[in-house]
Amino acid sequence: MKMTHEKLRGLFIRPSRMAVMAMFCGTILWGCGSGDNENKSADAQEESGLAQNDADQTVGEEIEDDGMGIGPVKSVEVGDKIDEALAAEGKNIFEAKCTACHQLTDQKVVGPGLAGVTERRKSEWIMNMVINPEEMTKKDPTAKKLLAEHLTQMTNQDISEKDARAILEYLRQNDLKN
């Protein structure tokens, strides 16, 4: 039997196509059945700060809410009068790091509007939220509720305690004006 060029070519091309198709199907089956995808959604949710329960807590368990928040700030001394120099410093920091997500009105942008925040929250809570937003949204009941409502994790802006105090003074000044 004489092999023509077309017959020889067909013998080599068909197996190549078949091999490529088999690899394609195998890849699809492996990707769908590997089992790794089952936990990716939960892992991504936890990493983004959307997890509602901390790993140390059982479902439904809440930490005691003292209104101070979670973080380094345990006590803040604020006077009856606004420290204008500190508020001016806070305004500069706020405008540089906060205005992309927050307004000083009650208008929501990405995060909640901040009008009246110093009347609704303790000074310590505000400073801890500014300094420590990830841990706050994982452990603090009020911060958890805000995260659930606004669906966006507050970005850690690497703000020091001193700068957080200046922002607090600026927010106090804003609330006194309104």
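Whatever comes next refers back to the structure up there.
Residues numbered from 1 in each chain as written. Predicted model: local features only at pLDDT ≥ 70, side-chain atom pairs only at ≥ 80, totals over all residues. Heavy atoms only, no water.

Student: Sorry if this is basic, but what is going on with the packing of aromatic side chains here?
Tutor: What describes a pair of aromatic rings is the distance from one ring centre to the other and the angle between the planes of the rings. Summed over all chains, the structure comprises one aromatic pair. Considering the side-chain rings of F94 and Y170, the 5.6 Å spacing of their centres and the 55° angle between planes classify their relative orientation as tilted. Here the residue F94 occupies a position in helix α3 (residues 84-97), and Y170 occupies one in helix α8 (residues 161-177), the gap between them amounting to 76 residues. Exposure class is identical for F94 and Y170. Each is buried. Its guanidinium or amino end placed over the ring of W125, R121 lies 5.1 Å from that ring's centre, counting from NZ or CZ. (Phe/Tyr/Trp six-rings, centres within 6.5 Å; stacked < 30°, edge-to-face > 60°. Helix = DSSP H or I, 4+ residues; strand = E, 2+ residues; numbered from the N terminus. Buried < 20%, exposed > 50% of the residue type's maximum accessible area, 1.4 Å probe, protein only. Lys NZ or Arg CZ within 6 Å of the ring centre and 35° of its normal.)

Student: Can you walk me through the nonpolar core in this structure?
Tutor: General note: in soluble globular proteins, nonpolar side chains tend to be found buried as a group. The biggest cluster of nonpolar side chains holds 26 residues, and the ones touching the most others in it are F94, W125, I167 and L171. Broken down by secondary-structure element, the contributors of at least two residues to this core are α3, α5 (123-131), α7 (141-150) and α8. Those residues in contact with L171, other than ones at most four positions away along the chain, are F94, L104, L114, V117, T118 and I126. (Core = buried A, V, L, I, M, F, W, Y, C linked by side-chain atoms within 4.5 Å. Contact = heavy atoms within 4.5 Å.)

Student: Please explain the packing of α3 against α8 as it appears in this structure.
Tutor: What describes two packed helices is the angle between their axes and the distance between those same axes. Across the interface, α3 lies against α8 with an axial gap of 7 Å and an inter-helix angle of 105°. One way to sum up the angle between α3 and α8 is to call them roughly perpendicular. Along the contact surface, α3 presents E84, L86, A87, E89, G90, K91, I93 and F94, while α8 presents K162, D163, R165, A166, I167, E169, Y170, L171 and Q173. Looking at the contact of α3 with α8 residue by residue, the classes come out as eight nonpolar, two polar and seven charged. (Axes fitted to C-alpha atoms, helices over the stretch in contact; angles between N-to-C directions. Parallel < 35°, antiparallel > 145°, perpendicular 65-115°, else oblique. Nonpolar A, V, L, I, M, F, W, Y, C, P; charged D, E, K, R; others polar.)

Student: Honestly, the pattern of salt bridges in this entry has me stumped. Any pointers?
Tutor: Two side chains of opposite charge can pair, provided their charged atoms sit close to one another. Under the criterion given, the structure shown has five salt bridges. Across the pair K91 and E95 runs a salt bridge whose closest N-O atoms are separated by 4.0 Å. One end of the pair is K91 and the other is E95, both in helix α3 and four residues apart, which spans about a single turn. Taking the relative accessible area as the measure of exposure, E95 reaches 40% and is therefore partly exposed. Ionic pairing is found between R172 and E169, a salt bridge with its closest N-O pair at 2.8 Å. Residue R172 and its partner E169 are located together in helix α8, separated by three residues, close to a single helical turn. When sorted by exposure, R172 lands in the same class as E169, which is buried. Connected via shared salt-bridge partners are R165, E169 and R172. (Salt bridge = Lys/Arg side-chain N within 4 Å of Asp/Glu carboxyl O.)

Student: Whenever I open this one, the side chain of Q173 confuses me. Can you help?
Tutor: Following the sequence through the fold, Q173 ends up in helix α8. Assessed through its relative accessible area of 13%, Q173 is described here as buried. Apart from the residues within four sequence positions on either side, Q173 is in contact with I82, E84 and A87.

Student: Is there a simple way to think about the environment of E64 in this case?
Tutor: In this structure, E64 sits in the loop between α2 (40-47) and α3. The spacing of E64 and K139 is 75 residues in sequence and 9.7 Å in space, taken between C-alpha atoms.

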